[in-house]
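Geometric and topological summary
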Amino acid sequence: MLNRYSTVRAESNKEIVIKRSRFIGYAKPVETEEEAVAYIDEIKRLHRSATHNCSAYVVGERDQWQKASDDGEPSGTAGKPILEVIKNKGLKNVVVVVTRYFGGIMLGAGGLVRAYTDGAVAGIEAADEIVKVLHREVFVDVDYTWYGKLENELHGRGTRVGGTDFTDRVKVRCLPESPDSESFIDWITDLTQGQGIITIGEELYFIDGE
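One structure accompanies this document, and this report is about it. (Residues numbered from 1 in each chain as written. Predicted model: local features only at pLDDT ≥ 70, side-chain atom pairs only at ≥ 80, totals over all residues. Heavy atoms only, no water.)

Let's talk about the sheet that holds strand β2 (residues 12-18)
Read across the sheet, five strands follow the order β2-β3-β6-β4-β5 without closing on themselves; strand pairing throughout is antiparallel. Lying at the two open borders of the sheet, with one neighbouring strand each, are β2 and β5 (65-69). Taken pair by pair, the neighbouring strands of this sheet meet at an average axis angle of 15°, ignoring direction. Sheet strands touched by helix α1 (residues 33-46): β3 (21-29), β4 (52-59), β5 and β6 (94-101). Its angle to β4, the strand with the most contacts, is close to 165°. Here helix α2 (residues 79-88) sits on the sheet in contact with β4, β5 and β6, set at roughly 35° to β4. (Pairing = 2+ DSSP bridges. Helix = DSSP H or I, 4+ residues; strand = E, 2+ residues; numbered from the N terminus. Axes fitted to C-alpha atoms, helices over the stretch in contact; angles between N-to-C directions. Contact = heavy atoms within 4.5 Å.)

Here it is as structure tokens:
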């Protein structure tokens, strides 16, 4: 799994008008190629009467799945520019669809490239670019006498905390960044003088800075 990657927060869209043609840029985060294809089909159903629904997606840790579609526009004037926007922004696991309603004025090849580029940018900006960072769950189980110190030290270290359970003991769900998890466990062991019971959980992505 990647330690961090850029994508979009949530599905969104934005419309722009270029020489009377309406371009609606859609962007959505996806986890699989199947999700990307399903979303493209969904937008095509939503805009059956549109002149074109052009699209592109990049999916996978190594961008293994990439595809662009001109959907009837001249070859290379729509899908490829959309794909280039995604790649130039360094985004992963994202699908973009730009819907066009023709306004009666021909744009020419260069104009189409610029229009679909602008439509893709508009959709992505509406969907909000974010960075996802991989964290590792580390559960720390301590006696109540250690909790105050543990809480203060975690705060001082800037460690993400995902919740605390209070029973006969205190169990804190710590979320250090995954590459730092081993050094974090060593630090916790020293901090609690070996009194903390440590359990390692899953790796999970969280949005950077939130």
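Now that the structure has been shown, we can carry on.
Regarding the packing of aromatic side chains
Summed over the entire model, instances satisfying the criterion amount to five aromatic pairs. Ring centres of Phe 23 and Tyr 116 lie 5.2 Å apart, and the angle between their planes is 90°; on these two criteria the pair is classed as edge-to-face. A residue pair is termed long-range when its members are at least 10 positions apart, and Phe 23 in strand β3 and Tyr 116 in helix α3 (residues 108-127) qualify at 93 residues. Take Phe 23 and Tyr 116: they sit in the same class, and that class is buried. When the ring of Tyr 147 is compared with that of Phe 166, the centres are 5.4 Å apart and the planes differ by 90°; the resulting orientation is edge-to-face. Residue Tyr 147 is located in helix α4 (residues 144-157), and its partner Phe 166 is located in strand β8 (residues 160-166); the two are separated by 19 residues in the primary sequence. Tyr 147 gets classed as buried once you look at its relative accessible area, which sits at 17%. Taken together, the ring pairs in this structure connect Tyr 144, Tyr 147 and Phe 166 into an aromatic cluster. Above the plane of the ring of Trp 187 lies Arg 157, whose end atom (NZ or CZ) is 4.4 Å from the centre. (Phe/Tyr/Trp six-rings, centres within 6.5 Å; stacked < 30°, edge-to-face > 60°. Buried < 20%, exposed > 50% of the residue type's maximum accessible area, 1.4 Å probe, protein only. Lys NZ or Arg CZ within 6 Å of the ring centre and 35° of its normal.)

A short note on helix α5 (residues 181-191)
Every α-helical turn comprises 3.6 residues, leaving residues that sit three or four positions apart pointing alike. Taken as a whole, α5 has its buried residues at Ser 181, Phe 184, Ile 185, Ile 188 and Leu 191. Angularly, the buried residues of α5 cover 125° about the axis, an arc narrow enough to put them on a single face. Exposed positions of α5 whose direction lies more than 90 degrees from the buried face are Glu 182 and Asp 190. Buried residues in α5 make contact with β7 (129-142), α4, β9 (170-175) and β10 (197-207). One or two steps after α5, the chain reaches Gln 193, where phi turns positive at roughly 55°. (Arc of directions from axis to C-beta.)

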